[in-house]
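For reference, the chains in residue letters:
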2 protein chains.
Amino acid sequence: MFRSLVKPESIAVIGASHNPQKIGYVVLKNLVSHNYQGKVYPVNPKGGEILGYRVYTSVDELPNVDLTVITLPAESTVKIIEDVAERSRFIIPIAGGFGETGEKGKEMERKLLEAARKHNTRILGPNTVGIYIPDTGVNTALVVPERSRFPGPGDIAFITQSGALGLLTMDSVAMYDVGFSAFINLGNRIDVNENELLEFFGSDERTKAIVMYIESFRDGKEFMRVASEVNRKKPVVIIKAGRTEYGGKAASMHTGALAGNDAVANGVFKQCGLIRAYNEVELIDYARALAYGKPIMGDRVAVVTSAGGVGVVTTDYIEGRDPGIEMKMAPLSDGTKKRIKEEVVPFASVANPIDMTAQASDDDYDGVLAALDDDDNVDGILIYALFQTPLISERLVDIITHWHRNGRKPIVVGTLGSEFAMKMASRFEKNRVPAFIGIERSVRALKALRLRGKYLQRVSDSAKL
Amino acid sequence: MFRSLVKPESIAVIGASHNPQKIGYVVLKNLVSHNYQGKVYPVNPKGGEILGYRVYTSVDELPNVDLTVITLPAESTVKIIEDVAERSRFIIPIAGGFGETGEKGKEMERKLLEAARKHNTRILGPNTVGIYIPDTGVNTALVVPERSRFPGPGDIAFITQSGALGLLTMDSVAMYDVGFSAFINLGNRIDVNENELLEFFGSDERTKAIVMYIESFRDGKEFMRVASEVNRKKPVVIIKAGRTEYGGKAASMHTGALAGNDAVANGVFKQCGLIRAYNEVELIDYARALAYGKPIMGDRVAVVTSAGGVGVVTTDYIEGRDPGIEMKMAPLSDGTKKRIKEEVVPFASVANPIDMTAQASDDDYDGVLAALDDDDNVDGILIYALFQTPLISERLVDIITHWHRNGRKPIVVGTLGSEFAMKMASRFEKNRVPAFIGIERSVRALKALRLRGKYLQRVSDSAKL
């Protein structure tokens, strides 16, 4: 059913506009520039033509469509909802001024819902930035194009109760070529809710990981049922905001819903094996690690670096707590140590962290990864790809990608630097290798893979009972 | 005395080279491109000319100089050290292969030190990337220029036991125009140590904050004495690596020194009021907050945002613990609320966090900052500058800068996004406004200012006793 929402074959835009500042123009513009293949029906009483599309003067003229985007104000939206609902499988009313403003707005929401129910139509929103589906060019979000970016297609589905936070988060990672399969803003959530969407993306082949920003659950029990089912198939990462008392109050000011007890939420996440993120950076970092990486099935991590200090700080994070992830530095086998020292890099420190020093070459990295891949004492590898030293080239990206794809061990890549590091991070991203700029982010991603490993072990153990 | 190191009026480079891959060339090249005004004496047995400088064929020919950089291998360095020490106030032997490799190397170090003592000369290193002084172009660090960046001049002095970690950290922030007054890598630290440098930068007018990366202290007691004195004058931020047992072992592999007990170190930092960072991002973030910002003298924070979800997540971080900073959301005075609602932004949510929504304009931000500046219930402000909405312009940078400079309240700026956000972050940086990309980084910077405020309060209280 949600196929009509995320892959509509026909779209009506009520409130289509010639004004490039208006969402009724931007939606059409995005469809044109993405070479959208479906049918498009702009509606505006003035008629004429916008961006080559014939403009319909009234909803009455419209044929049946998969999706209708209404960009009119709240009152006007209510006036035409019945006619729209008759002709559309999904409706996105963008306007605010509904339930979030008080009783009058709530009454208007009831009218929307009534019309939808009557015509067996579904509503996303209202008071929503809507959806963004990179594959198709369906984009109902209005931002200033010179000052923000939309990501391209990718593996992550994003379900969010906050439109702005969602858009800002996507903007922040688009620069690194992180991609999304879909972005959906729930808005006031009078009809379509997170549980249905979670279930849908759970079965969506395009989606490898699901991220959620939620301030309040529509139906906690149902969430638990769906989440525990979906999370077995593919990883779900969630920010549950309003986790503190005051944060809960702030959430209720924001989306009008009560945040609930955080200890309960936390218990549910643990039970379902969901990975909890606390901010927008973690949210996407964890999703990338889980979508691209292998789960880590034990606590022993090998760290490879060419910068000694980076190795020491990383070791503290791996073994430490507060801050730290309470895993273990892998005790490398004697065979591995010998192999690294004798065959690969005689000058390296072969205790873990393996410090290859600034003299390390691409081939040295290849040799070390080969040795670690064979070592049964190693459950996962954190490798720093530092491009600042003379014997390292861009080929290191290919070498690490090779071991990520063909090796036995889960690999997380850390990197540090500015423009060049970012360029390399984008290349790792295109290869679907989880790479992160900065020590803490790299180590936390490792932890997400470990939590996934523990969860899968638990699921597999309980299946044996 | 350290003036001859960080602002040398004459520099000799032993091992000067025509080969652009060699440090003996790069050092000279940097001096030329920074239009270094002092005297330069390259030394190479072949003589001739490099980059317009006359090359001396032997150390014997050299006049007295402030600083000599030796780029020769360890054995050759030892051979000429006596002649160099006779003529130079400071010597930086770059080469590794000394004490970190074993007893033979230690013996060579003793010879270096003997020569230095005899001629009343000081040695930085050996086994060091040396120094980088952005103001003057004195740069002894070798990296691949197309793949890394050096920051420009600025307010932060960086003393580090790990050269690579230091260079990578500077590379990472150079993109945002973060600047440094000096960068000094201690290397094997046979002579010049962190305590002397800390004391020096404590009195250096150019330096507004000092950052340190330390794996082991040369003299813990002396550190405590110097740090507590310096930190009263200007903030000191420190990564003490090797904080875990295994991390301590990794540190001893790296710099050969024992890491010591972390609980003791932590106690010392607390007593001296040093801000502890745990990774390279925090290190510079905290230094920037402290160098540019005002200390926060109470726990009550006002949060201003145009994205509701960002406000909720931030609230959780401010009030929360693990993760969180255990401060308080400021209870805005009725006067402030009224002023914001009636005079500034009628559509905004005036409870704290103040959600201005996507309709907010530059002037709205100005009005809200004016109101918060007058509110005695507010100890500090975290303002999100989100440039993605239509009514916000680049002028917002100037407005926030104005309140940062002329207002009563400490201000931290948060932002989210990609290229444009980075550009704006650079503008804030140039204005010396502490701005951070991402929620967690912004909140942590707030905490650093609060810790500084608590420390200054304690110092002032104890002065009254």
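Since this is a predicted model, take the numbers as computed values, not measurements.

Looking at the overall build of chain A
- Secondary structure summary: chain A contains 16 helices and 20 strands in total.
- Since a compact globule built from 465 residues should have a radius of gyration of about 23 Å, the 25 Å found for chain A is in line with a globular shape.
- Its C-alpha atoms put chain A at 80 × 50 × 40 Å along the principal axes.
- For chain A, with 465 residues in total, the buried portion stands at 61%.

Comments concerning the environment of I325 of chain B
Residues and elements named next belong to chain B.
- Within the element layout of this structure, I325 appears in the loop between α11 (308-319) and β16 (328-329).
- Of the residues examined, I325 has 20 C-beta atoms within 10 Å and is grouped as buried.
- Spatially, the C-alpha atoms of I325 and K79 are 55 Å apart, while their sequence positions differ by 246 residues.
- Ignoring anything within four residues of it in the chain, the contact list for I325 reads Y317, I318, V443, R444, L446 and K447.

As for the relation of the copies chain A and chain B
- Mapping chain A onto chain B calls for a rotation angle of 180° and an axial translation of 0.0 Å; the resulting RMSD is 0.0 Å. The transformation relating the two chain copies, once decomposed into turn and shift, fits a two-fold axis. The rotation axis passes nearest to the C-alpha of D322 of chain A in chain A, at a distance of 4.1 Å.
- Comparing interface residues between copies, 100% of those in chain A also lie at the interface in chain B; the contact surface is shared.

Concerning the domain arrangement of chain A
- Partitioning chain A into domains gives domain 1 (1-129), domain 2 (143-292) and domain 3 (294-461).
- The C-alpha centroid of domain 3 of chain A is placed 49 Å from the C-alpha centroid of domain 1 of chain A.

Structural notes on the sheet that holds strand β8 (residues 131-133) of chain B
Residue and element names in this part refer to chain B.
- Read from one edge of the open sheet, 7 strands run β9-β8-β11-β10-β12-β13-β14, paired in mixed fashion. Strand pairing shows two members of the sheet lacking a second neighbour, β9 (138-139) and β14 (275-276), which therefore form its edges.
- Pairing geometry for β8 and strand β11 (residues 180-185), over 2 bridges, is antiparallel. Pairing of I131 across the sheet is with I184, part of β11.
- Set on the sheet, helix α10 (residues 280-292) makes contact with β10 (153-160), β12 (209-214), β13 (236-240) and β14; between it and β12 the angle comes to about 160°.

Some words on the interface of chain A and chain B
- Taken residue by residue, the interface counts 62 residues in chain A and 63 residues in chain B.
- Counting only elements with at least two residues in the side of chain A that touches chain B, the list comes to α5 (163-174), α8 (245-255), α10 (280-292), α11 (308-319), α15 (419-430) and α16 (439-464) of chain A.
- The element best represented in the side of chain A that touches chain B is α11 of chain A, accounting for 9 residues.
- A class-by-class count of the residues in the side of chain A that touches chain B yields 32 nonpolar, 19 polar and 11 charged.

A word on the packing of helix α12 (residues 334-344) of chain A against helix α13 (residues 362-374) of chain A
Residue and element names in this part refer to chain A.
- At a minimum axis separation of 9 Å, α12 and α13 run at an interaxial angle of 160°. The angle between α12 and α13 falls in the class roughly antiparallel. Handedness of the α12/α13 crossing: right-handed. Here T336, R339, I340, E343 and V344 of α12 come into contact with α13, specifically with D364, G367, V368, A371 and L372.
- Its residues placed into classes, the contact of α12 with α13 shows 5 nonpolar, 2 polar and 3 charged.

A few points about the sheet that holds strand β2 (residues 39-43) of chain A
Residues and elements named next belong to chain A.
- Reading across the sheet, the 5 strands line up as β2-β1-β5-β6-β7 and stay open at both edges, with parallel pairing between neighbours. Bordering the open sheet on either side are β2 and β7 (122-123), each of which pairs with just one other strand.
- In the sheet, strand β6 (residues 88-93) pairs with β7 via 2 bridges, with the strands oriented parallel. Looking across to β7, one finds that I91 is bridged to I123.

Things to note about unusual backbone geometry
- Cis geometry is found at the peptide bond from G125 of chain B to P126 of chain B, where omega equals -5°.
- Along the chain, P126 of chain B turns up in the loop between β7 (122-123) and β8.
- Put simply, D322 of chain B and P323 of chain B share a cis peptide bond, and its omega is 0°.
- Residue placement: P323 of chain B occurs in the loop between α11 and β16.
- Of note in this structure, N120 of chain A is not a glycine but carries a positive phi near 55°.

Let's talk about the confidence of the model for chain A
- Averaged over all residues, the pLDDT of chain A is 95; the fraction at 70 or higher stands at 99%.
- Across the interfaces of the predicted complex, the ipTM metric reaches 0.97, alongside a pTM of 0.97.

Description of the environment of L283 of chain A
Residue and element names in this part refer to chain A.
- Within the secondary structure, L283 is located in helix α10.
- Taking the C-alpha atoms as reference points, L283 and M212, 71 residues apart in sequence, are found 8.2 Å from one another.
- Beyond its immediate sequence surroundings of up to four residues, L283 is in contact with T169, V211, V237, I239 and A277.

A closer look at α8 of chain A
- Of the residues making up α8 of chain A, those classed as buried are G247, G248, K249, A250, A251, H254 and T255 of chain A.
- Where α8 of chain A is buried, its residues touch α11 and β17 (354-355) of chain B.

Cut-off values and rules
- Residues numbered from 1 in each chain as written.
- Chains lettered and ligands numbered in written order.
- Predicted model: local features only at pLDDT ≥ 70, side-chain atom pairs only at ≥ 80, totals over all residues.
- Helix = DSSP H or I, 4+ residues; strand = E, 2+ residues; numbered from the N terminus.
- Rg over C-alpha atoms; globule rule 2.2 N^0.38 Å.
- Buried ≥ 20, exposed ≤ 12 C-beta atoms within 10 Å, placed from the backbone.
- Contact = placed C-beta atoms within 7 Å.
- Least-squares fit on C-alpha atoms with pLDDT ≥ 70 in both.
- Domains from an automatic or database assignment.
- Pairing = 2+ DSSP bridges.
- Axes fitted to C-alpha atoms, helices over the stretch in contact; angles between N-to-C directions.
- Nonpolar A, V, L, I, M, F, W, Y, C, P; charged D, E, K, R; others polar.
- Parallel < 35°, antiparallel > 145°, perpendicular 65-115°, else oblique.
- Left-handed = near helix turned anticlockwise from the far one by under 90°.
- pLDDT = per-residue confidence, 0-100.

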